[in-house]
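Here is what each chain is made of, one letter per residue.
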Amino acid sequence: MRVEDALGEELTLSLEEGRMLVRNRASDMELAADTVRDNAGQVARRRKRDKELEALDKRDLPQSPEEWKTWIEGILQKVDKQLAQLDREYQSLGKRAEGLNRAYLQASDQFVNVRANMVLMRGQHMGPAAWMVMKQQMVDLSDQMASCEMEFNTVMDQLAHLADVATNLANQRAHAIERYEQETGETIPKNPD
């Protein structure tokens, strides 16, 4: 209180704005660090999947019909398991994107309401503390909207990448089935999943 009294009203407001900027910057940096950690984990999982698929392709090709059957079952089991995992990740990210979109819209509505209240109260000799509180609310809501938008864009990029990976896996699966059918003359029933 002594510092605020010594600084005066204008400098106290500047001090609070500075503190708010530091808190917001720290929050942004934490979000960016979380995003980098998430991306690093996904890259490691993708590399592992790619190595497993490459290992399947490099094995010696079977000679007898029984070996071909074992070969295709191994590939289908691995690829179907990976596709199921990708589907779960995709569904989870889709829900996250929906939640971020809702959070953005809620923050936007609140921002508009606070701004409208500030305009309405401007003529009613509002005290500096009330004005500062409303201004802080607008800054916080604006930061929240920017954070939601940034994370939403990251999630959408991740969704696009998962779709690409799943498409490649599905193509590899189809190629393996085609090869099996050419080599053995037998058909593999379609898997709707």
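A. Structural detail: the overall build of the protein chain. Secondary structure summary: the protein chain contains 3 helices and 0 strands in total. When burial is assessed residue by residue, the protein chain has 25% of its 193 residues classed as buried. Of all intrachain contacts in the protein chain linking residues separated by at least 6 positions in sequence, the fraction that spans at least 24 positions is 78%. Here the protein chain has roughly 13,600 Å² of accessible surface; of this, 53% comes from carbon and sulfur atoms.

B. Summary view of a nonpolar patch on the surface. Taken together, V3, L7 and L11 make up a surface patch of nonpolar side chains, about 250 Å² in accessible area. Taking the relative accessible area as the measure of exposure, V3 reaches 53% and is therefore exposed.

C. Structural view of the nonpolar core. Counting residues in hydrophobic clusters, the biggest one holds 20 residues, and the most contacted among them are W71, I72, V155, Y180 and I188. Secondary-structure elements contributing two or more residues to this core are α2 (65–121) and α3 (128–184). Non-local contacts of I188, meaning those with residues more than four positions away in its chain, are made with I72, L76, I177, Y180 and E181. By size, the runner-up hydrophobic cluster in this structure holds 8 residues, among which are F111, M138, L141 and M145.

D. Main features of α3. Between its terminal C-alpha atoms α3 stretches 83 Å, which fits the 84 Å expected from 57 residues at 1.5 Å a residue. Looking at the residues trailing α3, positive phi occurs at G185, about 80°.

E. Summary view of the side chain of E151. With respect to the secondary-structure elements, E151 resides in helix α3. Take E151: its relative accessible area is 17%, and that puts it in the buried class. Among the polar contacts listed, one links the side chain of E151 to the side chain of R96, at a separation of 2.5 Å. The residues contacting E151, other than those within four sequence positions of it, are L31, R96 and L100.

F. Structural detail: the pattern of salt bridges. On inspection of all chains with the given rule, the structure shows 3 salt bridges. Of the charged contacts in the structure, one is a salt bridge between R173 and D80, with a shortest N-O distance of 2.6 Å. Here R173, found in helix α3, pairs with D80, found in helix α2; they are 93 residues apart in sequence, far enough to count as distant.

G. Region of interest: the packing of α2 against α3. For the pair α2 and α3, interaxial distance at closest approach is 7 Å and the crossing angle is 160°. Judged by the inter-axis angle, α2 sits roughly antiparallel to α3. Classified by chirality, the crossing of α3 by α2 is left-handed. For the contact of α2 with α3, the residue count by class is 38 nonpolar, 11 polar and 11 charged.

H. Quick peek at the confidence of the model for the protein chain. Per-residue pLDDT for the protein chain averages 81, and the proportion of residues at 70 or more is 87%. For the protein chain, per-element mean pLDDT is lowest for helix α1 (residues 2–58), which scores 70, and highest for α2, which scores 89.

I. Representation of the packing of aromatic side chains in the model. If you walk through the whole model with that rule in mind, you get 1 aromatic pair. Considering the side-chain rings of W68 and W71, the 5.0 Å spacing of their centres and the 80° angle between planes classify their relative orientation as edge-to-face. One end of the pair, W68, and the other, W71, are both in helix α2, 3 residues apart, so they sit about a helical turn from each other. According to the relative accessible area criterion, W68 is buried, its value standing at 4%. Exposure remark for W71: the relative accessible area of 9% places this residue in the buried category.

The rules behind these values
- Residues numbered from 1 in each chain as written.
- Predicted model: local features only at pLDDT ≥ 70, side-chain atom pairs only at ≥ 80, totals over all residues.
- Heavy atoms only, no water.
- Helix = DSSP H or I, 4+ residues; strand = E, 2+ residues; numbered from the N terminus.
- Buried < 20%, exposed > 50% of the residue type's maximum accessible area, 1.4 Å probe, protein only.
- Contact = heavy atoms within 4.5 Å.
- Areas by Shrake-Rupley, 256 points an atom, 1.4 Å probe, with all protein chains shown as cover.
- Patch = residues over 30% accessible without salt bridge, like charges linked within 9 Å, V, L, I, M, F, W, Y side chains within 5 Å.
- Salt bridge = Lys/Arg side-chain N within 4 Å of Asp/Glu carboxyl O.
- Core = buried A, V, L, I, M, F, W, Y, C linked by side-chain atoms within 4.5 Å.
- Expected span 1.5 Å × (residues − 1).
- Polar contact = N/O pair within 3.5 Å; in protein donor to acceptor, adjacent residues only side chain to side chain.
- Axes fitted to C-alpha atoms, helices over the stretch in contact; angles between N-to-C directions.
- Parallel < 35°, antiparallel > 145°, perpendicular 65-115°, else oblique.
- Left-handed = near helix turned anticlockwise from the far one by under 90°.
- Nonpolar A, V, L, I, M, F, W, Y, C, P; charged D, E, K, R; others polar.
- pLDDT = per-residue confidence, 0-100.
- Phe/Tyr/Trp six-rings, centres within 6.5 Å; stacked < 30°, edge-to-face > 60°.

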